[in-house]
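Descriptive analysis of the structure
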Amino acid sequence: MRDAALALGAGNPVAHHVTNVVITDDLGDGRARVRSKGLGVMADGRCGSVTYEDVVVRRDGGWRIARRRVEARRVPLNGATGA
């Protein structure tokens, strides 16, 4: 990850925010599902949005991401229309 970030150089976002975190403890085996939204802000003011679908597991006194699915948001309202 570090090498990839360094290779991007100035192409990296200047900020990355995670919000709307919803944790569902329904897996029952020390794991939980987590859904959240990510916002990336670029140096030129452009922004990007993703949804994170994670499974987290408790390890070494903290929670760690065991699986992550990232879905980029490119279309408003996921393409829904009023028609």
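Above this text is the structure in question.
Here goes a summary of the coordinates provided. (Residues numbered from 1 in each chain as written. Predicted model: local features only at pLDDT ≥ 70, side-chain atom pairs only at ≥ 80, totals over all residues. Heavy atoms only, no water.)

Overview of the overall build of the chain
- Helix and strand content of the chain: one helix and four strands.
- For the chain, the succession of helices and strands along the chain, N to C, is α-β-β-β-β.
- Relative to the globule expectation of 12 Å for 83 residues, the C-alpha radius of gyration of the chain, 16 Å, shows a markedly less compact shape.
- When its C-alpha atoms are laid out on the principal axes, the chain stretches across 45 × 45 × 15 Å.
- Summarising the internal contacts of the chain: among those between residues at least 6 apart in sequence, 24% fall at separations of at least 24.
- Total accessible area on the chain stands at roughly 6400 Å², and carbon and sulfur atoms take up 55% of it.
- For the chain, the distance from the average site of its 14 positive side-chain charges to the average site of its 9 negative ones is 2 Å. (Helix = DSSP H or I, 4+ residues; strand = E, 2+ residues; numbered from the N terminus. Rg over C-alpha atoms; globule rule 2.2 N^0.38 Å. Contact = heavy atoms within 4.5 Å. Areas by Shrake-Rupley, 256 points an atom, 1.4 Å probe, with all protein chains shown as cover. Lys, Arg positive; Asp, Glu negative; His and termini not counted. Charge placed at Lys NZ, Arg CZ, Asp CG, Glu CD.)

Things to note about the pairing of strand 1 (residues 15–24)
- Strand direction decides the pairing type here: strand 1 and strand 2 (residues 31–41), joined by eight bridges, are antiparallel. Directly across from Ile23, in strand 2, lies its bridge partner Val34.
- Between strand 1 and the antiparallel strand that follows it, strand 2, lie six residues; Gly28 among them carries a positive phi value of about 70°. (Pairing = 2+ DSSP bridges.)

Overview of the environment of Val21
- Along the polypeptide, Val21 turns up in strand 1.
- Under the relative-accessibility criterion, Val21 is labelled partly exposed at 48%.
- Ignoring sequence-local partners within four residues, the contact set of Val21 consists of Val34, Arg35 and Ser36. (Buried < 20%, exposed > 50% of the residue type's maximum accessible area, 1.4 Å probe, protein only.)

Geometry only, nothing functional implied.
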